[in-house]
Amino acid sequence: LGGCALSETTAATLTFVDLAGSEAATLNTGALAIAQGVAVNKSLHWLKVVVHDLVARKPVVHYRNSALTRLLQPSLAGHAVVALIVNSSASPAGAAAPRETLDALQFGEAAGRLALAPKRRTEALAGGQLGKLQSLLVQMADDKATLATDAEALREQLGAYQSLIDEYRRDFVSAESLHEAEHAAAARLADALSRSEA
C-alpha cells in the first residue's frame, strides 16, 4: 500500500433464528399448511444433518441444501459464538409429543458437542489510500465541471459557425440560379430585339 497508515476495523454479525418445531402432516388440513409443514421439516432435517456432520468432522458439509443452513453457515463454520436454547414441556400432550421432545433434546445435545473456535475478524483499512480516493473524487468532480464548461463553449462556437454558414448560403449564387438569370436575360434581350424590328 505504499507505506500508507493502516487502521483495523472489527466487523461482527449477530444472528437470531427462531427454529420452528417439527410439523406433523396429520395436524395440517389445508394444502398450504401441508406445504409449509414439509418446508419446515426439510429445513430442520438438513440442520440436523449439518450439525451431525460437523460433530463427526466430515470433510464435506452440505450447507446449501436449505435456506436455514445457508443462513447459519457463518455461525456453524467454526468462527462464531453460538448459543442454542431448547424449549420442551415436562408433560407434553399428544401421541407424537414425547418423540418430538426427545428429538429436540438429542439435537441440543449434538449441537452442544460442536467444536467452535470464535475468531475476531479484522479488516485493514488504509487511511492514506482513503484520502487519495477522496482527492481523486474531488478531482473528478472538478474535471466534470470543466468538461461541462468546455462543452457549453463548443456549443456556442458551433452556433456561431452555423450562423456564418447560413449567411454564406444566402449570399451564395448557385449554378442553377445563374442559369436561370442568364435564361431570363436572354429572354428579355430577344423580346427587346423583336420589338425593335417591329
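Quick notes on the rules
Residues numbered from 1 in each chain as written. Predicted model: local features only at pLDDT ≥ 70, side-chain atom pairs only at ≥ 80, totals over all residues. Heavy atoms only, no water. Helix = DSSP H or I, 4+ residues; strand = E, 2+ residues; numbered from the N terminus. Core = buried A, V, L, I, M, F, W, Y, C linked by side-chain atoms within 4.5 Å. Buried < 20%, exposed > 50% of the residue type's maximum accessible area, 1.4 Å probe, protein only. Contact = heavy atoms within 4.5 Å. pLDDT = per-residue confidence, 0-100. Expected span 1.5 Å × (residues − 1). Salt bridge = Lys/Arg side-chain N within 4 Å of Asp/Glu carboxyl O. Axes fitted to C-alpha atoms, helices over the stretch in contact; angles between N-to-C directions. Parallel < 35°, antiparallel > 145°, perpendicular 65-115°, else oblique. Left-handed = near helix turned anticlockwise from the far one by under 90°. Nonpolar A, V, L, I, M, F, W, Y, C, P; charged D, E, K, R; others polar. Patch = residues over 30% accessible without salt bridge, like charges linked within 9 Å, V, L, I, M, F, W, Y side chains within 5 Å. Areas by Shrake-Rupley, 256 points an atom, 1.4 Å probe, with all protein chains shown as cover.

Caption draft 1: The arrangement of unusual backbone geometry in detail. In the Ramachandran plot, R57 falls in the positive-phi region, its phi being about 55° despite a non-glycine side chain. As for its placement among the helices and strands, R57 is situated in the loop between α1 (31-55) and α2 (67-76).

Caption draft 2: Layout of the nonpolar core. With 11 residues, the main nonpolar core is built from L47, V50, V51, Y63, L68, L72, L76, F107, A110, A111 and L114. Counting residues per element, the ones that place at least two in this core are α1, α2 and α3 (97-111). Excluding residues that lie within four positions of it along the chain, L76 makes contacts with L47, V50, L54, Y63, L114 and L116.

Caption draft 3: Structural view of the confidence of the model for the chain. Chain-level pLDDT for the chain is 76 on average; 76% of the residues reach the 70-or-more range. Looking across the chain, the model is least confident in strand β2 (residues 122-126), with a mean pLDDT of 54, and most confident in α2, with 87.

Caption draft 4: Inspection of α1 at higher detail. Counted at 1.5 Å a residue, the expected span for α1 with its 25 residues is 36 Å, and the 36 Å between its end C-alpha atoms agrees. If you check which residues of α1 are buried, you get G37, L44, L47, V50, V51 and D53. Directly after α1, the chain includes R57, whose backbone phi takes a positive value near 55°.

Caption draft 5: Quick look at the pattern of salt bridges. Inspection of the entire model under this criterion finds two salt bridges. In this structure, the salt-bridge partner of K58 is D53, at a minimum N-O distance of 3.3 Å. Judged by relative accessible area, which is 46%, K58 ranks as partly exposed. Taking the relative accessible area as the measure of exposure, D53 reaches 8% and is therefore buried. One salt bridge connects R113 with E109, and the closest N-O pair in it is separated by 2.9 Å.

Caption draft 6: Seen up close, the packing of α1 against α2. For the pair α1 and α2, the least separation of the axes is 10 Å and the interaxial angle reads 30°. By the angle between their axes, α1 is roughly parallel relative to α2. As for the relative orientation of α1 and α2, their crossing is right-handed in sense. Packed against α1, whose contacting residues are S43, W46, L47, V50 and L54, the element α2 presents L68, T69, L72 and L76 at the interface. Taken together, the residues of the contact of α1 with α2 sort by class into seven nonpolar, two polar and no charged.

Caption draft 7: Layout of a nonpolar patch on the surface. A cluster of nonpolar residues, L133, L136, L137 and M140, forms a patch on the protein surface that exposes about 420 Å² of accessible area. Turning to its location among the elements, L136 is positioned in helix α4 (residues 127-171).

Caption draft 8: The side chain of D53, seen in detail. Mapped onto the secondary structure, D53 falls in helix α1. The contacts of D53, once residues within four sequence positions are left out, are K58, V60 and V61.

Caption draft 9: Structural context of the environment of V17. Within the secondary structure, V17 sits in the loop between β1 (6-10) and α1. On the accessibility criterion, V17 (34% relative accessible area) is partly exposed. Counting along the chain gives 67 residues from V17 to L84, while the straight-line C-alpha distance between them is 9.6 Å.

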